[in-house]
Structure formats: structure tokens, C-alpha cells
Amino acid sequence: MMARVVSSSLKFKVNSISRCLPATQLAGGQIEIQRWSNTKAWNPKWRKERALKIMKMELPDVDLYRMKTLEQARSVRKKLGLPPPRVALNESPIVISSSMHVFDAYVPPEGDGKASIISKEFIKQKAIGARKGIKLMGKARDLRKKYGLDFSVNSFPEEAQEIYTEGHKLLENVKDNRYRLHELFTELAYQQATYGLQLKSFRWSLVQSIEPPKVVHVCTDQMMHKDNMFAQVTVRFHTKQILAIYDRFGRLMQGSEKLVKDCLEYVIFERHLSNKYGMWRIHAKIIPPWLPHGRTVLRTMRKPQPVEEAVAEETAVEETAAKETAV
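As the structure is a computational prediction, the values presented were derived from the model and not from experiment.

The rules we used
Residues numbered from 1 in each chain as written. Predicted model: local features only at pLDDT ≥ 70, side-chain atom pairs only at ≥ 80, totals over all residues. Heavy atoms only, no water. Helix = DSSP H or I, 4+ residues; strand = E, 2+ residues; numbered from the N terminus. Buried < 20%, exposed > 50% of the residue type's maximum accessible area, 1.4 Å probe, protein only. Contact = heavy atoms within 4.5 Å. Polar contact = N/O pair within 3.5 Å; in protein donor to acceptor, adjacent residues only side chain to side chain. Salt bridge = Lys/Arg side-chain N within 4 Å of Asp/Glu carboxyl O. Expected span 1.5 Å × (residues − 1). Core = buried A, V, L, I, M, F, W, Y, C linked by side-chain atoms within 4.5 Å. Patch = residues over 30% accessible without salt bridge, like charges linked within 9 Å, V, L, I, M, F, W, Y side chains within 5 Å. Areas by Shrake-Rupley, 256 points an atom, 1.4 Å probe, with all protein chains shown as cover. Pairing = 2+ DSSP bridges. pLDDT = per-residue confidence, 0-100. Phe/Tyr/Trp six-rings, centres within 6.5 Å; stacked < 30°, edge-to-face > 60°. Lys, Arg positive; Asp, Glu negative; His and termini not counted. Charge placed at Lys NZ, Arg CZ, Asp CG, Glu CD. Axes fitted to C-alpha atoms, helices over the stretch in contact; angles between N-to-C directions.

### A word on the overall build of the protein chain
Looking only at helices and strands, the protein chain has eight helices and six strands in total. Counting helices and strands in the order they occur from the N terminus, the protein chain gives α-β-β-α-α-α-α-α-α-β-β-β-β-α. Counting every position in the protein chain, which comprises 327 residues, the buried fraction comes to 26%. Residue pairs at least 24 apart in sequence account for 60% of intrachain contacts in the protein chain once pairs closer than 6 positions are excluded.

Next comes the structure, spelled out in C-alpha cells:
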């Protein structure tokens, strides 16, 4: 401690001497002026600007957030005159450009696509479809008159099939096509369609249409405000498709690239009517309760060893480890 004091006092003496001798005389009568940081002329110019370079911020007191109980935090905040701590709420994000649900879900008739032309069920379905067709024409007329859409029940299925085919084909590479997928799928359908495809290989192709697609349901509804209107159109697709899903190791999980299957789907397309530049996008699929469940996903795993072999393997490993330590 004494050594530190002595050294600091010596430094003080040397600095004081140097202040007294601001200039030194060199050989030949030349004078060299010595400048020090504390002997420079002080210029008050730009003093205000130099002070503004430093920003003083009031940092939050971390101890207030370390309270173990809610009562302790409330008492401390009450002393400081702060409002009580806000309790965490189960808030969900809101998307205004798309509705996150189906307004009026279409109920498909049981046995649709399977009944023969001669059966009573087929005639009954045709009669029900004729009655609903009158309502469809009225709702399609409302879309044209009230909202100024160029919508037709006869021409829209072709546009819907193009959106459906392109969207499913782009799912083979989600990472590179994510911007285009957001234009073809709503926020609800995008997260459902792309779930789990990051580590899988998706192969899909449309072979042909068994029946031409047709509009079976049209509805409009508002969300949060009467001026925020949406339109949802349900289109029936009866096609032949090929679907195959591979895991990240290239093993087939579901479907086959050589097997063609008949698919009956009811796809809902949605459009934001309040948006001038709104587009028709895939919103959801209706799965009828009478539809048979698909085959479960095939999962491959390591074949478990018998108990005796597992015990023998463990003892062999322990013996080798004991021999190595003994050496």
C-alpha cells in the first residue's frame, strides 16, 4: 500500500514540473513547445452539442420484476405510485385480412360420390341440389350487385381448380414458394397445409377430374365490424390424385407415387370483400363425419433386442471397460 502512495506522489511531482516548463530549448537556439492535454487552450465552442452526444436513460428497476409473489409486487408498486402489475392474459393475434373460422359450413350429403345413378339416394341428392341451386344463384347475384364482383357460379369452379392445383403443387417446396403460398392460402389454411413439411418430402399431382368441379355453397359475413365483410365459397372436387409423403431419411410414410386414388373434397375459398385488391384464396376443407378415416402413417423404428441379448451386451461392455482401467 505504501509503494502505491509513493509512486502516485512521484507522478504528481513530475506532472507539476512539466506544467512549469511548457517549452524546451534545443541545440542551435531552437525552441520546442510541449503540449499536454491539461495545458491546451479550452474552447467552449460546441459545448452544448458535445453534451447532447450523451443520452441519459432511466433504466427500469430490475428488483421490481424479481418479486416472488404478486402481493409483494403490488405493495412495492403502491409505495412508488405505479399501477398494479398486469396479469398475463391469453391473448391471440388478430388477422384482419382473413377470418380464422368457417362462417356457415356446408354439410355434404351422406354417400356423396358413391351412389349409383339408378339408386334412390342419387335422385334424392339431385333434388336437394336443385333446391339449393336457387339459393346459390341469389347469393351469387348479391356478390355481383352489392360488392361489384365478377362472380359466376358456372365460371368460378375453373378459377378455383387452378388455385387448388397450383397451391398443392407449390407445397412440394415450401421454403422457396412461401410468398406465393401466402397469396393462394389464407393465414388459417397456410399453417395447416405447411405443418410438418419442413423435414418431409411432399409429392402431389392431379391426374384427372372424375366430375367437373361445382359450387355447392356461398355465404357472406362480417368480422369485428359491419364494413369488414368476407365471402366464402365451397367448391366440390371429385378427382384422381397421386400423393406421397417421405420422411427426412427418404422413407415412405404415406401414399405412393404410382398409386392413383379417387378423392372427394369440399374446399372453401375466401375473399376479403372490403379490400379492393382482395383475391380468392384457399381457406379450409370440409371433412364429412361419415367419411372413412385414412390409413395411419407408417413409422419405421429400430427393432428392440431381446432382454437376454441386451443384458449380455451390457456385461460385455462393462468387462471391456474394467480391463482398460486395469491396464
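### Some points on the side chain of serine 99
Structurally, serine 99 can be placed in the loop between helix H3 (70-80) and helix H4 (120-145). Within the local environment of serine 99, its side chain forms a polar contact with the backbone oxygen of histidine 101, the two atoms lying 3.4 Å apart. Contact partners of serine 99, with chain neighbours within four places excluded, come to Met223, Phe230, Gln232, Glu270 and His283.

### Structural notes on the pattern of salt bridges
Taken as a whole, this structure holds eight salt bridges when the rule is applied. The closest approach of N and O atoms between glutamate 166 and arginine 180, which form a salt bridge, is 3.0 Å. You can see glutamate 166 sitting in helix H5 (residues 156-170) and its partner arginine 180 sitting in helix H6 (residues 178-184), a full 14 residues away along the chain. Residue glutamate 166 is classed as partly exposed on the basis of its relative accessible area of 31%. Between glutamate 265 and lysine 285 there is a salt bridge, with the nearest N and O atoms lying 2.9 Å from each other.

### Some words on H5
The end-to-end C-alpha separation of H5 is 21 Å, in line with the 21 Å expected for 15 residues at 1.5 Å each. By the burial criterion, the buried members of H5 are Phe156, Pro157, Ala160, Gln161, Ile163, Tyr164, Gly167, His168 and Leu170. Looking at the buried positions of H5, the neighbouring elements they touch are H6, strand S3 (201-223), strand S4 (225-246), strand S5 (252-272) and strand S6 (281-286).

### So, the nonpolar core
If you look at the biggest cluster of nonpolar residues, it comprises 35 residues, and the most contacted ones within it are Phe151, Phe156, Phe269 and Trp280. Those elements that place two or more of their residues in this core are H4, H5, H6, helix H7 (187-193), S3, S4 and S5. Per-element accounting of this core gives the leading share, six residues, to S4. Setting aside its immediate chain neighbours within four residues, phenylalanine 156 contacts Phe151, Val215, Val233, Val235, Phe269 and Trp280. The next biggest cluster of nonpolar side chains, apart from the first, holds seven residues, and it includes Val216, Leu264, Ile268 and Ala284.

### What to know about a nonpolar patch on the surface
Among the surface-exposed residues, Met55, Met57 and Leu59 lie close enough to one another that they form a single nonpolar patch of about 430 Å² accessible area. Relative to the helices and strands, methionine 57 resides in the loop between helix H2 (47-52) and H3.

### Concerning the pairing of S5
Sheet topology places S4 next to S5; 16 bridges connect them, and they run antiparallel. Looking across to S5, one finds that alanine 231 is bridged to arginine 271. As paired elements, S5 and S6 share five bridges and run antiparallel to each other. Bridged to tyrosine 266 within S6 is isoleucine 286.

### Some thoughts on the confidence of the model for the protein chain
In this model, the protein chain carries a mean pLDDT of 78, and residues with pLDDT of at least 70 account for 72%. Across residues 1-21 the pLDDT falls below 50, and counting only partners more than four positions away or on other chains, this stretch makes three contacts in the model.

### Concerning the packing of aromatic side chains
Applying the stated criterion across every chain, the model contains eight aromatic pairs. Arranged with centres 5.7 Å apart and planes meeting at 45°, the rings of tyrosine 106 and tyrosine 266 form a pair that is tilted. Of the two residues, tyrosine 106 is situated in the loop between H3 and H4 and tyrosine 266 in strand S5; the sequence distance between them amounts to 160 residues. One aromatic cluster in this structure is built from Phe151, Phe156, Tyr164, Trp204, Phe237, Phe269 and Trp280.

### Considering the environment of leucine 291
As for its placement among the helices and strands, leucine 291 is situated in the loop between S6 and helix H8 (307-326). Separated by 180 residues in the primary sequence, leucine 291 and glycine 111 place their C-alpha atoms 8.5 Å from one another.

### Digging into the side chain of glutamate 270
Checked against the element boundaries, glutamate 270 lands in strand S5. Of the side chains with opposite charge, arginine 281 lies nearest to the buried glutamate 270, which makes no salt bridge, at 5.3 Å. A polar side-chain atom of glutamate 270 sits 2.3 Å from a polar atom in the side chain of serine 99.

### Describing a negative patch on the surface
Residues Glu308, Glu309, Glu313, Glu314, Glu318 and Glu319 make up a contiguous surface patch of negative charge. Mapped onto the elements of the fold, glutamate 308 is located in helix H8.

### Observations concerning the sheet that holds S6
If you trace the four strands from one edge of the open sheet to the other, you get S3-S4-S5-S6, paired in antiparallel fashion. A strand with exactly one partner marks an edge of an open sheet, and here the two such strands are S3 and S6. The average undirected angle you get between the axes of adjacent strands in this sheet is 30°. Across the sheet, H5 touches S3, S4, S5 and S6, and the angle it forms with S3 is around 125°.

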